[in-house]
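Chain by chain, the residues run as shown.
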Amino acid sequence: MIFNNLLHIMQRSVLFTWCILLIGLYNVYAQVEIRPTYREPYRPVYHFTPPVNWTNDPNGLVFVAGLYHLFYQYNPEGMVWGHMSWGHAVSKDLVHWQNWPVAIPEGPEGMIFSGSAVVDSFNTSGLGTAAHPPLVAIYTSHHIMDSAHTDLYQQSQHIAYSLDGGHTWRKFAHNPVLDLHMRDFRDPKVWWYAPDHVWMMVVSFPVAHQVQFFRSSDLIHWQHTGTFGPAGDTSYVWECPDLFPLQIYDATGKPTGKSKWVLMVSVQYDVQYFIGDFDGRTFTADDIRQIRKVDEGRDFYAATTYNDIPATDGRRICIAWMDNWAYAAHVPTFPWRGFMTVPRVFTLRENELGIPVLYQYPVDEIEQLAVDSMMIVHRAVKAKHPLWVHDYPFTVGKLSLQLRKIKDSFRLAVARHGDTAVWISYHPGTGKLQVDRTHSGNTHFDSRFPSVTSVQLRPAAHLRLDVYLDKSSVEIFVNGGEKAITLLFFPDAHQTEVSLETMDGSCMIDTLKLIRYPQAAYLVQRKFVSYGSHLGH
């Protein structure tokens, strides 16, 4: 009897000891696994990613006191969508990012969906003082009324404010500031409309394929002023609208003295835009039938632009989520999921018919990353005699290619090893440009990931391509920004080569320049990495 009791006690003691050891080992393992090293295989160097966990839409882009603020949809508790809050990072140059604590967390009122941020310079809200005006975030609260039925929800517009430059945030005590008692009503973009000295808001009615316009004198009381839509692409829900003016340049890049307003709307997997006029109350498009994409690639969504860029700068700077809802939950990255695009500058330029179209190009600040370069000039490429760059490993940087006398089609390969690469092809007779990532590395994690993207250009025997490569992404800008194509891909370590070949004809390389940037993210971001953000904290 005594022996049996002793044996039972010993067994329990051993079991308890093993449990403690396993828990300890698990905790150590978890802490190690969730700490970002910025040496991860797919971690980009100059594209923003959160240290850990899930991200999607960029939010609240605003420039304050010398800092570019980037808020973003963030799950503090894991690598899949949920518990949406506003993550936060800042930068002095749009390249090096410092991670700040979660700005606006999920609360009893609901998840914190997308929105915008403004500097209330005149303290119209009364939330600060004239000497110390508040930074105000305007966002959608997604309130689920019954946790057992997540499809039963309401969305309304709330505000939060900061009195210390964005370090800490308080939710407004009298939220919501705009509630239509609707299920789908989200993603407010707010800006100061100087001609009328009022705040304007454009916000989405997703299912109706409309955006609504409101105005306010204080960011708290809002009056409806107009509606736009349905128009253009109505195949999926409308989200994340943005409206802004741009000067128009002629085809040579000279100012015309004219300007137009651009309305951007995300449509499930793409971002479309309209060009037209805004009268301080509503937007009128020049053409409501034509579908124009901001970016032709598969991984560009929820694009939004910065508020409060100084007039001395004057750029309209955009960031988008570099991912796709079809497979975002399955991309093979760890310990984070979700990327932001490179910041881009938008302009309007007239085409050959005198119609303004959207041009875009990465911000100049990226050029500071250049480490070394190589150049090939005035080289003919003929069938069966490809140009192949073997001895200059190229995984992070900028490739600039100018071709002329293109006869028949050609193929440019980046991140190549054998037949595995991202393939960019062009036919001068049809003007068809294609980007093929079906054999670009790891494509098996989701059947919807392998794809060929086609873009229609004006047929021509010359072409300019600027290709920004960053470990697991490629952003292609055609003819100085006339078209943009953004794609993720997940290569292995051997995919470092570049090649150019023609099918049956030939082409002349005016210039092919490869500019390498630092090849590991920790070399760029390490001094800004915050290890205070871990899974579940």
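Look a little higher up for the structure.
As the structure is a prediction and not an experimental result, all values here were calculated from the model.

A.B. asks: Teacher, can you tell me more about the pattern of salt bridges here?
C.D. replies: Once their charged atoms are close, side chains differing in charge can pair, the charge on each being opposite to the other. Within the structure shown, the criterion is met by 25 salt bridges. With its nearest N and O atoms 3.0 Å apart, the salt bridge here joins Arg43 to Glu40. Pair check on accessibility: Arg43 and Glu40 agree, each one buried. When the shortest N-O distance is used, the salt bridge between Arg458 and Glu352 registers 3.3 Å. Linking Arg458 in the loop between β29 (452–456) and β30 (463–470) with Glu352 in the loop between β21 (344–350) and β22 (356–362), this pair joins segments that are 106 residues apart in sequence. A residue is classified by how much of its surface remains accessible, and Arg458, at 45% relative accessible area, is partly exposed. A residue is classified by how much of its surface remains accessible, and Glu352, at 54% relative accessible area, is exposed. Overlapping salt bridges bring together Arg183, Asp184, Arg186 and Glu239 as one network.

A.B. asks: Please clarify how the sheet that holds strand β28 (residues 432–436) should be interpreted in this entry.
C.D. replies: Two strands in a sheet stick together by hydrogen bonds in their backbones, pointing the same way (parallel) or opposite ways (antiparallel). Ordered by their spatial adjacency, six strands build an open sheet running β24-β33-β26-β27-β28-β29, and the pairing between neighbours is antiparallel. Single-partner strands in this sheet number two, and they are β24 (387–389) and β29. Across the sheet, the axes of successive neighbouring strands diverge by a mean angle of 10 degrees, strand direction being ignored.

A.B. asks: Looking at this structure, how should I read the side chain of Glu482?
C.D. replies: Position of Glu482 among the secondary structure elements: in the loop between β31 (473–478) and β32 (483–488). Owing to a relative accessible area of 14%, Glu482 belongs among the buried residues under this scheme. There is a polar contact of 3.3 Å between the side chain of Glu482 and the side chain of Arg458. Excluding residues within four positions of it along the chain, Glu482 makes contact with Leu358, Tyr359, Leu457 and Arg458.

A.B. asks: Would you explain the environment of His390 in this entry?
C.D. replies: Within the secondary structure, His390 sits in the loop between β24 and β25 (396–407). In the structure, His390 is positioned 108 residues away from Val498 in sequence and 7.2 Å away in space, judged by C-alpha atoms.

A.B. asks: Mind showing me how you'd approach the sheet that holds strand β2 (residues 67–75) here?
C.D. replies: One open sheet holds the five strands; their spatial order is β4-β3-β2-β1-β20, and the pairing between them is mixed. If you trace the sheet from one side to the other, it starts and ends with β4 (97–104) and β20 (336–337), each paired once. Alignment of β2 against strand β3 (residues 85–91), held across seven bridges, turns out to be antiparallel. Residue pairing across strands places Tyr72 opposite Gly87, the latter belonging to β3.

A.B. asks: Just to check I follow, could you spell out the state of the cysteines for this structure?
C.D. replies: Working definition: the covalent bond between the sulfur atoms of two cysteines is a disulfide. As enumerated under the stated definition, the model contains zero disulfides in all. The structure places no disulfide on Cys318, whose sulfur is separated from the nearest cysteine sulfur, that of Cys240, by 11 Å.

A.B. asks: Whenever I open this one, the packing of aromatic side chains confuses me. Can you help?
C.D. replies: Here the distance between the centres and the angle between the planes together describe a pair of aromatic rings. In the structure shown here, the tally under the stated rule is 38 aromatic pairs. Centre to centre, the rings of Trp192 and Trp199 are 4.9 Å apart; their planes meet at 70 degrees, and the pair counts as edge-to-face. Look at Trp261 and Phe278: their rings are 5.0 Å apart centre to centre, the planes differ by 55 degrees, and that puts the pair in the tilted class. You can see Trp261 sitting in strand β15 (residues 255–267) and its partner Phe278 sitting in strand β16 (residues 270–278), a full 17 residues away along the chain. Residue classification places Trp261 among the buried residues on the basis of a relative accessible area of 15%.

Scoring rules and cut-offs
Residues numbered from 1 in each chain as written. Predicted model: local features only at pLDDT ≥ 70, side-chain atom pairs only at ≥ 80, totals over all residues. Heavy atoms only, no water. Salt bridge = Lys/Arg side-chain N within 4 Å of Asp/Glu carboxyl O. Buried < 20%, exposed > 50% of the residue type's maximum accessible area, 1.4 Å probe, protein only. Helix = DSSP H or I, 4+ residues; strand = E, 2+ residues; numbered from the N terminus. Pairing = 2+ DSSP bridges. Axes fitted to C-alpha atoms, helices over the stretch in contact; angles between N-to-C directions. Polar contact = N/O pair within 3.5 Å; in protein donor to acceptor, adjacent residues only side chain to side chain. Contact = heavy atoms within 4.5 Å. Disulfide = S-S within 2.5 Å. Phe/Tyr/Trp six-rings, centres within 6.5 Å; stacked < 30°, edge-to-face > 60°.

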